[in-house]
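# Working through the structure, step by step
The chain contents come next:
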Amino acid sequence: MNSTDRQPTVTESLSRRTAMAGFLGTALGSAFGYDQFLRVEEPTFAASLEFNAADVTIETNCGIVTEAVVAEESTITVDYANVPDSVLTDGYQFQFTLEANPHVDGRAERAFAGWSEPNDHAPADLGAVLDGMDGDGSASDPYVITTDHELQAIAAALDAHYELGNNINATQTGAWNDGSGFDPLTDTDADEAFEGTLTGNGHRICGLTIDGDDDGVGLIGVNAGTVDRVGLVHGDVQGPNAVGAIAGLNIGTIDRSYALDCAVQGTELVGGLVGANVREEGETEQGHIDRSYAECSVTGDRFTGGFVGLNVADTRDAYARGTIDGDAVVGGFAGANALGEGEDAGLIGSLLELVIGVLDGLLSLVGLGGDDIEETGVISDAYATVAVPNHDNAAGFVAVNETDRTCLLFLCIGGDPGDLERTYWDTDASGTAVGLIEANGDEDLDGLSTSELQGAAASANTALDFTDTWTTVTDPDDYPHLLDTPIPHDGGTTPSGGSTTFEPLVDAHTVPATDLLDPADLPHGTLTPSFTALNIDTVSLSSHSAIDPDFTHLEPTADAARIDTTIEFTLTVELGTATETIATATAGPATATLTVDVD
């Protein structure tokens, strides 16, 4: 037998899902004259390998599979018969070989328009980049964005029409502009907001880094246009005030878009998706966010929300997950849904002048006029599961939902209570039974436990539209998802392609028979060693064909719930010496199906 042992390597993960599989093998009973030499019945094996739920994982980064792992707790079972005592005295060894063959479901249909290659420097000439792009920027022939440079080139024509042609790998943007990263798509020097359209076509922008110095920080600094079906994943967005992953300030429309696994940090008006969603008084076409979600780590001082820091416009069919930290006016979904002094000056009080200054400055800067904005906002058909800080100025859904009329210079805001319709928060995940702090008591807001808000129970316990807009998630239970919005687990369901070659993960790993067999159990018995007991470390596929270019990109489609990567395993167990094998069993092939976070 070959006694060499492959040493696995483990790489750091960015995202992971787990799966479970088990299989049994039958005895092959390969003996080479064993009954003639020992004059007894041939030893026989039957082998199995079982993975527990946490034993097999696959890890991805911006759509690229970086590693698949079989944990050391995985258990091998070997049923044996007719094994004589002599194997304990004559130097016999067990030899284990674990082989794998990965398949990415649906890969043929999705290969590999997938992801762009990142650039480690900012584009030198935005106009030249724009001139080289497909399309002409009109509504009928939008510019097609296929790289991070082309994404940045939007700043050269903020009133044009754009669409993503593939997923954008923006993981090198942190090195741009002397470390300040990507420039938000707003030209503050020219007093110009984004007034065009950006259609994502369900594609994602991954790894975008922004460290802004001015107010209004996000992929788009100030959005007065339309953003549709754009996803931002693994982003890191920081700035002073009005900070959000998709937009720092929204006075336009954001539809079917999301921020997933993003870190968003600022001071005032900080939200996972949008820092502030506002509209000018009487302008009902402004300030719309629909069918969108944020799952982020959000940090701010005041007016901080898991989805939006301040909403004085219209937000419908949305949800927020993740974590949040802030000092005042902090809510799992929104910091405030109304802006004014509140009851007895309440939470806002002395903060009002500062917030008005930020909003007025941004609105005036981009030429939209800031002499008056709407008094209150509408949030409907929404839920939050965000873990909120444990203090009196934080609420599970929204901190402030009422206001008194207040005027400062030429800007007057405040008045009626904000409108909450069919809204919910998870009292378990948020860590609080307080959904609102300042409110008038007429809000349609309910606190539900995790079990009440997940799985099929969500349709019974909420009034969300599970016919046209939402869907429950079961097996396993999860919170409701939006039907028409890309979700982090999009993908195909039909296996279509992949290597047919099995490659060793654990190659001829040997263990002395004396380490596994007890004389009292011979000649018949069962072994159940774990990988740990066999001195097999965590097994990694980081250098396996699962990670080669044919299997790296997991490009989602919009019509299915998950991407599955299937790894087929075979396990071979042998007993013998360096010159003779007296018994062999092979288990498999069988599969472990791994549900992948598509980054």
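Rules used throughout
Residues numbered from 1 in each chain as written. Predicted model: local features only at pLDDT ≥ 70, side-chain atom pairs only at ≥ 80, totals over all residues. Heavy atoms only, no water. Helix = DSSP H or I, 4+ residues; strand = E, 2+ residues; numbered from the N terminus. Buried < 20%, exposed > 50% of the residue type's maximum accessible area, 1.4 Å probe, protein only. Areas by Shrake-Rupley, 256 points an atom, 1.4 Å probe, with all protein chains shown as cover. Pairing = 2+ DSSP bridges. Polar contact = N/O pair within 3.5 Å; in protein donor to acceptor, adjacent residues only side chain to side chain. Contact = heavy atoms within 4.5 Å. Core = buried A, V, L, I, M, F, W, Y, C linked by side-chain atoms within 4.5 Å. Axes fitted to C-alpha atoms, helices over the stretch in contact; angles between N-to-C directions. Patch = residues over 30% accessible without salt bridge, like charges linked within 9 Å, V, L, I, M, F, W, Y side chains within 5 Å. Salt bridge = Lys/Arg side-chain N within 4 Å of Asp/Glu carboxyl O. Lys, Arg positive; Asp, Glu negative; His and termini not counted. Charge placed at Lys NZ, Arg CZ, Asp CG, Glu CD. Phe/Tyr/Trp six-rings, centres within 6.5 Å; stacked < 30°, edge-to-face > 60°. pLDDT = per-residue confidence, 0-100.

This part covers the overall build of the protein. Scanning the protein from N- to C-terminus turns up 9 helices and 42 strands. In the protein, which comprises 599 residues, the proportion classed as buried is 57%. Accessible surface for the protein amounts to roughly 22,000 Å². Of this, 44% is attributable to carbon and sulfur atoms.

Taken together, the 3 bridges between strand β12 (residues 220–223) and strand β17 (residues 247–250) define a ladder with parallel strand orientation. Counterpart to I220 in the pairing with β17 is A247.

So, about the side chain of D228. Inspection of the secondary structure assignment puts D228 in strand β13 (residues 226–228). Given a relative accessible area of 13%, D228 falls into the buried group. Only 2.8 Å separates the side chain of D228 from the side chain of R256, close enough to count as a polar contact. Not counting residues within four places of it along the chain, the set of residues in contact with D228 comprises L198, T199, G200, N201, D255, R256 and S257.

All right, on to the nonpolar core then. Among the nonpolar cores identified, the biggest contains 65 residues, and Y162, I205, L219, F333 and F397 are the most heavily contacted of them. Here this core takes 4 residues from strand β22 (residues 288–299), the largest share from any one element. I76, V87, F94 and A513 belong to the second-largest nonpolar core, a separate cluster that totals 31 residues.

This next bit is on the sheet that holds β12. One open sheet accounts for 7 strands, arranged β12-β17-β21-β24-β27-β30-β34; its pairing is parallel. With one partner strand each, in any of the chains shown, β12 and β34 (436–438) form the two edges of the open sheet. Across this sheet, the average inter-strand angle for adjacent strands is 15°, counted without regard to direction. The sheet contact formed by strand β24 (residues 308–312) and strand β27 (residues 334–336) spans 2 bridges and is parallel. Bridged to V308 within β27 is A334.

This part covers a negative patch on the surface. Together, D189, D191, D211, D213 and D214 line one region of the surface with negative charge. Along the chain, the position of D211 falls in strand β11 (residues 209–211).

The next thing to look at is the sheet that holds strand β16 (residues 241–243). Strand pairing in a sheet relies on backbone hydrogen bonds, with the paired strands running either antiparallel or parallel. Sheet architecture is open: 5 strands sit in the order β16-β20-β23-β26-β29, paired in parallel fashion. Both edges of this open sheet fall to β16 and β29 (394–395), since each of them pairs with a single strand only. Examined bridge by bridge, strand β26 (residues 328–331) and β29 share 2 bridges and lie parallel to one another. Paired with V330 across the strands is A394, a residue of β29.

Further remarks concern the pattern of salt bridges. Tallying each qualifying case throughout the model produces 10 salt bridges. Here R256 and D484 are joined by a salt bridge, their closest N and O atoms 3.0 Å apart. Here R256 is found in the loop between β18 (253–255) and β19 (258–265), whereas its partner D484 is found in the loop between β37 (478–482) and β38 (503–512), with 228 residues between them in sequence. A relative accessible area of 17% means that R256 is categorised as buried. With relative accessibility at 33%, the residue D484 sits in the partly exposed group. D381 serves as the salt-bridge partner of R422, at 2.7 Å between the closest nitrogen and oxygen. With R422 in strand β33 (residues 419–426) and D381 in strand β28 (residues 378–384), this residue pair connects regions lying 41 residues apart in the sequence. Of the residues examined, R422 reaches a relative accessible area of 27% and is grouped as partly exposed. Judged by relative accessible area, D381 falls into the buried class, the value being 10%.

To continue, consider the environment of V274. By the secondary structure assignment, V274 is in strand β21 (residues 274–278). V274 sits in the buried class, given a relative accessible area of 0%. With near-sequence residues (within four places) excluded, V274 lies in contact with V243, G244, A247, G248, N250, I254, I289, F307, V308 and G309.

Time to look at the packing of aromatic side chains. All chains considered together, the criterion is met by 11 aromatic pairs. Residues F307 and F333 carry aromatic rings whose centres are separated by 4.8 Å and whose planes lie at 10° to one another, so their mutual orientation is stacked. On the criterion of sequence distance, the pair formed by F307 in the loop between β23 (302–305) and β24 and F333 in the loop between β26 and β27 is long-range, its members being 26 residues apart. Given a relative accessible area of 0%, F333 falls into the buried group. Aromatic ring contacts, followed pair by pair, group Y258, Y293, Y319, Y383, W470 and Y479 into a single cluster.

Our focus in this paragraph is unusual backbone geometry. Here the amide bond leading from D475 into P476 is cis, since omega sits at 0°, within 30 degrees of zero. Mapped onto the fold, P476 is located in the loop between β36 (470–473) and β37. For the bond running from L522 to P523, omega is 5°, close enough to zero to count as cis. Looking at where P523 falls in the secondary structure, it is placed in the loop between α9 (513–516) and β39 (525–527). Positioned with a positive phi, N82 is a non-glycine residue whose angle comes to about 65°. Assignment of secondary structure puts N82 in the loop between β4 (75–81) and β5 (93–104).

Attention shifts here to the pairing of β36. As paired elements, β36 and β37 share 3 bridges and run antiparallel to each other. Looking across to β37, one finds that W470 is bridged to L482. Hairpin remark: β36 followed by β37, antiparallel, with 4 residues in the connecting loop; positive phi at D475, about 55°.

Now for the confidence of the model for the protein. Here the protein averages 78 in pLDDT, and 70% of its residues register 70 or above. Every residue in residues 1–40 is under pLDDT 50, and counting partners more than four places away or in other chains gives 125 contacts.

Now for the environment of F397. Relative to the elements of secondary structure, F397 occurs in the loop between β29 and β30 (398–400). Under the relative-accessibility criterion, F397 is labelled buried at 0%. Taking C-alpha positions, F397 is 8.9 Å from G447, a pair spaced 50 residues apart along the chain.

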